[in-house]
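Structural characterization, general
Residue-level listing of the chains:
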Amino acid sequence: MKLDEILTHLGEERALYFNAIAPPIIQTSNFAFETIDEMRAAFADELSHHIYTRGNNPTVEILRKKIAALELAEDALVVGSGASAIAAAVLANIMAGDHIICVQKPYSWTYKLLTQFLTKYNVEHTFVDGTSIQHIIDARKSNTKVLLLESPNSLTFELQDLAACAAFAIQHDIITIIDNSHASPLFQQPIKYGIDIVVHSATKYLNGHSDVVAGVICASKPMINKIFNGELMTLGLTISPHDANLIIRGLRTFPLRVQRSDETARKVAEFLYNHPRVEKIYFPLHHSFAQYELAKRQMSGCGGLITIKLKAETKEEVYRFVAAINCFLMAVSWGGYESLMIPSLVFHDMPGGMPDSPIHWTTVRLYIGLEESAFLVEDLSNALDQM
Ligand SMILES: *Cc1c(COP(=O)(O)O)cnc(C)c1O
């Protein structure tokens with residue numbers, strides 16, 4: 001289905017609501033029935049009926065249809081955060097005694113899910129360098145049930161060969177799950193390569209306006225039914241109709257926003273690559289990236305994330321760089337209209353003896369928002385000069 005059809009029309013049944021162009025927010029907790037037979041039929045398949053908003057709500061349903069189509073999936077669920085989307089997808093596919101293979105240094109709460117939460121329930125994990133399929137193959141045990149991918153990976157953007165991962169997993173009855181937040185469905189559709197479940201932090205590009213926290217899960221109908229009747233309903237992961245409506249609104253401009261971030265990021269990346277105070281840049285579609293060929297094969301764009309390694313001898317230089325920046329807000333998250341930065345120095349020298357980040361303190365992750373490239377380059381140039 002065409003992107004335009006998905007974003008402007010799919011799922012919208014305007015005749016049901018006065019031919020309103022923008023869908024209403026069906027702000028209700030429950031739905032009434034006329035007869036016992038109708039109510040009984042609804043309970044037989046709650047995901048396709050409207051009984052109670054913890055399950056299926058008509059506003060959320062419009063969004064589910066659009067998200068599923070964007071990821072070429074049969075169906076999708078929308079939940080309260082990206083973290084809950086990842087947790088639900090994993091929990092639905094493991095039991096006590098199982099083993100998970102996960103790419104090394106995944107998103108922080110994915111790391112905590114495996115290392116602090118699932119270990120309580122006797123689920124073990126192995127972190128692997130996913131840049132080579134051989135490392136993944138070598139990590140398999142007889143009880144491996146899930147392969148958890150993030151391509152590009154957090155912070156330094158290592159990729160996995162998705163077709164090779166899917167081929168390996170299918171051969172051994174392993175469920176593949178990928179966090180596709182970074183590339184977004186605009187630039188990478190993992191189901192094409194045979195991946196089973198695609199999850200996103202919808203907080204990032206899908207909503208795109210830095211005003212909603214949400215997550216999505218995309219998969220086959222049987223898998224979505226399993227997660228819906230299990231984790232979603234039991235743990236109450238649902239999103240409110242109001243937030244769903246904001247994401248529907250955010251999606252109207254999804255390709256415009258993500259394309260724009262991508263184009264500007266390429267210009268900013270080139271500027272940074274050529275700057276004497278920048279030691280290295282991490283941007284999968286830059287020719288200096290270690291997996292540039294795989295990136296070109298697997299992704300049609302990158303989006304706005306660029307990590308840089310500053311050429312700095314002392315931490316003072318990093319403090320000066322950050323203090324001189326005006327146009328990038330220092331904040332977590334990304335995927336909105338505003339450019340952001342997060343220096344990994346934040347996670348070093350932490351009070352209370354927390355372990356230092358495995359990422360070197362000279363690195364800074366930038367997110368390129370919707371501003372003009374010249375505006376951002378001037379700011380970066382000035383800050384690099386003042387280091
Ligand atoms: C932000 C993020 C998440 C978590 O999403 P929330 O919506 O904050 O729960 C997961 N994965 C990646 C790659 C992220 O950037």
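Definitions and limits used
- Residues numbered from 1 in each chain as written.
- Predicted model: local features only at pLDDT ≥ 70, side-chain atom pairs only at ≥ 80, totals over all residues.
- Heavy atoms only, no water.
- Helix = DSSP H or I, 4+ residues; strand = E, 2+ residues; numbered from the N terminus.
- Contact = heavy atoms within 4.5 Å.
- Axes fitted to C-alpha atoms, helices over the stretch in contact; angles between N-to-C directions.
- Left-handed = near helix turned anticlockwise from the far one by under 90°.
- Nonpolar A, V, L, I, M, F, W, Y, C, P; charged D, E, K, R; others polar.
- Phe/Tyr/Trp six-rings, centres within 6.5 Å; stacked < 30°, edge-to-face > 60°.
- Buried < 20%, exposed > 50% of the residue type's maximum accessible area, 1.4 Å probe, protein only.
- Lys NZ or Arg CZ within 6 Å of the ring centre and 35° of its normal.
- Near = heavy atom within 4 Å.
- Polar contact = N/O pair within 3.5 Å; in protein donor to acceptor, adjacent residues only side chain to side chain.
- Areas by Shrake-Rupley, 256 points an atom, 1.4 Å probe, with all protein chains shown as cover.
- 1 Å grid on protein atoms, 1.4 Å probe; cavity = no way out; pocket = protein on both sides within 12 Å on 5 of 7 lines; lining within 4 Å.
- Sits in = over half its atoms within 2 Å of the grid points.
- Points joined across faces, edges and corners; volume = space filled by probe spheres on them.
- Pairing = 2+ DSSP bridges.
- Core = buried A, V, L, I, M, F, W, Y, C linked by side-chain atoms within 4.5 Å.
- Domains from an automatic or database assignment.
- Buried area = accessible area lost by both parts, 1.4 Å probe.
- Salt bridge = Lys/Arg side-chain N within 4 Å of Asp/Glu carboxyl O.

**With respect to the environment of Ala92**
Residue position: Ala92 is located in the loop between α4 (82-91) and β2 (99-103). Along the chain, Ala92 and Leu232 lie 140 residues apart, while their C-alpha atoms are 9.7 Å from each other. Among all residues touching Ala92, those that are not within four sequence positions of it are Lys226, Ile227 and Glu231.

**A closer look at the packing of α4 against helix α5 (residues 108-117)**
When two helices pack together, you describe them by how their axes are tilted relative to each other and by the distance separating the axes. Interhelical geometry of α4 versus α5 gives an angle of 35 degrees and a closest axis separation of 9 Å. The two elements α4 and α5 meet at a crossing, and its hand is right-handed. For the pair formed by α4 and α5, the contact residues are Ala83, Ile86, Ala87 and Val90 on the first element and Trp109, Thr110 and Leu113 on the second. For the contact of α4 with α5, the residue count by class is 6 nonpolar, 1 polar and no charged.

**Focus on the packing of aromatic side chains**
Tallied over the entire structure, the rule returns 5 aromatic pairs. Measuring from ring centre to ring centre gives 6.3 Å for Tyr205 and Tyr367, while their planes differ by 55 degrees; the resulting arrangement is tilted. Highlighted residues: Tyr205 in the loop between β6 (197-201) and β7 (215-219) and Tyr367 in strand β12 (residues 363-367), separated in sequence by 162 residues. An identical accessibility class is assigned to Tyr205 and Tyr367; each is buried. Over the ring of Trp109 we find Lys112; its NZ or CZ atom is 4.1 Å from the centre of that ring.

**Concerning the site of the ligand**
Near the ligand the following residues occur: Ser81, Gly82, Ala83, Ile86, Tyr107, Asp179, Ser201, Thr203, Lys204, Val213, Ala214 and Trp334. Measuring from an oxygen atom of the ligand, one finds a side-chain N or O atom of Trp334 at 3.1 Å. Taken by itself the ligand offers 380 Å² of open surface, and the protein chains cover 87% of this. When atoms are counted within 2 Å of each cavity's grid points, the one that captures over half of the ligand is the largest pocket.

**Re the environment of Arg260**
Topologically, Arg260 is positioned in helix α11 (residues 254-273). Here Arg260 falls in the partly exposed class, since its relative accessible area comes to 30%. Distance in space between the C-alpha atoms of Arg260 and His50 is 38 Å, their sequence separation being 210 residues. Ignoring anything within four residues of it in the chain, the contact list for Arg260 reads Leu370, Glu371 and Glu372. In this structure the side chain of Arg260 is engaged in a polar contact, spanning 3.0 Å, whose partner is the backbone oxygen of Leu370.

**Here's the deal with empty space enclosed by the protein**
One pass over the structure, following the stated rule, counts 3 cavities of 30 Å³ or more. Those elements that place two or more of their residues in the lining of the largest cavity are α3 (58-70), β1 (75-79) and α9 (221-235). Across the lining of the largest cavity, the residue classes tally to 6 nonpolar, 2 polar and 1 charged.

**Some thoughts on the layout of surface pockets**
For the largest pocket, the calculated volume is near 1400 Å³. Lining the largest pocket are 48 residues, with Pro106, Tyr107, Ser108, Trp109 and Leu155 sitting closest to its centre. Broken down by secondary-structure element, the contributors of at least two residues to the lining of the largest pocket are α4, α5, β6, β9 (305-310), β11 (340-343) and β12. The residue makeup of the lining of the largest pocket, split by class, is 23 nonpolar, 18 polar and 7 charged.

**Quick look at the sheet that holds β9**
Reading across the sheet, the 5 strands line up as β8-β9-β12-β11-β10 and stay open at both edges, with mixed pairing between neighbours. Each having just a single partner strand, β8 (278-282) and β10 (329-330) make up the two edges of the open sheet. With 5 bridges connecting them, β9 and β12 associate as antiparallel partners. Following the sheet pairing, Ile306 is matched in β12 by Leu366. Sheet strands in contact with α11 are β8, β9 and β12, and its direction is about 15 degrees off that of β9.

**What to know about the nonpolar core**
One finds Leu251, Phe254, Leu272, Ile306, Ile308, Phe321 and Phe328 to be the most contacted residues of the largest nonpolar core, which totals 90 residues. Among the elements that take part in this core, α3 stands out by supplying 7 residues, more than any other. Each of domain 1 (3-251) and domain 2 (254-385) contributes no fewer than three residues to this core. Once residues lying within four places of it in the same chain are set aside, the contact partners of Ile308 are Leu272, Val278, Lys280, Ile281, Phe321, Thr362, Thr363, Val364 and Leu366. If you look at the next biggest cluster of nonpolar residues, it comprises 31 residues, including Leu47, Leu77, Ile94 and Leu114.

**Quick notes on the domain arrangement of the chain**
According to the domain assignment, the chain contains domain 1 (3-251) and domain 2 (254-385). Taking only C-alpha atoms into account, the centre of domain 1 sits 28 Å from that of domain 2. With 34 residues of domain 1 at the contact, the number on the domain 2 side is 33 residues. For the domain 1 and domain 2 pair, buried surface summed over both sides reaches about 2800 Å², with 64% attributable to carbon and sulfur atoms. Taken together, the links from domain 1 to domain 2 amount to 1 salt bridge. Its salt-bridge partner being Arg297, residue Asp161 comes within 3.4 Å of it at the nearest N-O pair. Inspection of the domain 1/domain 2 interface yields 13 residue pairs in polar contact (both at pLDDT 80 or more). Of all the secondary structure elements, the ones that give two or more residues to the side of domain 1 that touches domain 2 are α1 (3-8), α8 (184-187) and α10 (241-251). The biggest single contributor to the side of domain 1 that touches domain 2 is α8, with 4 residues. Here the residues of the side of domain 1 that touches domain 2 are counted per class, giving 16 nonpolar, 14 polar and 4 charged.

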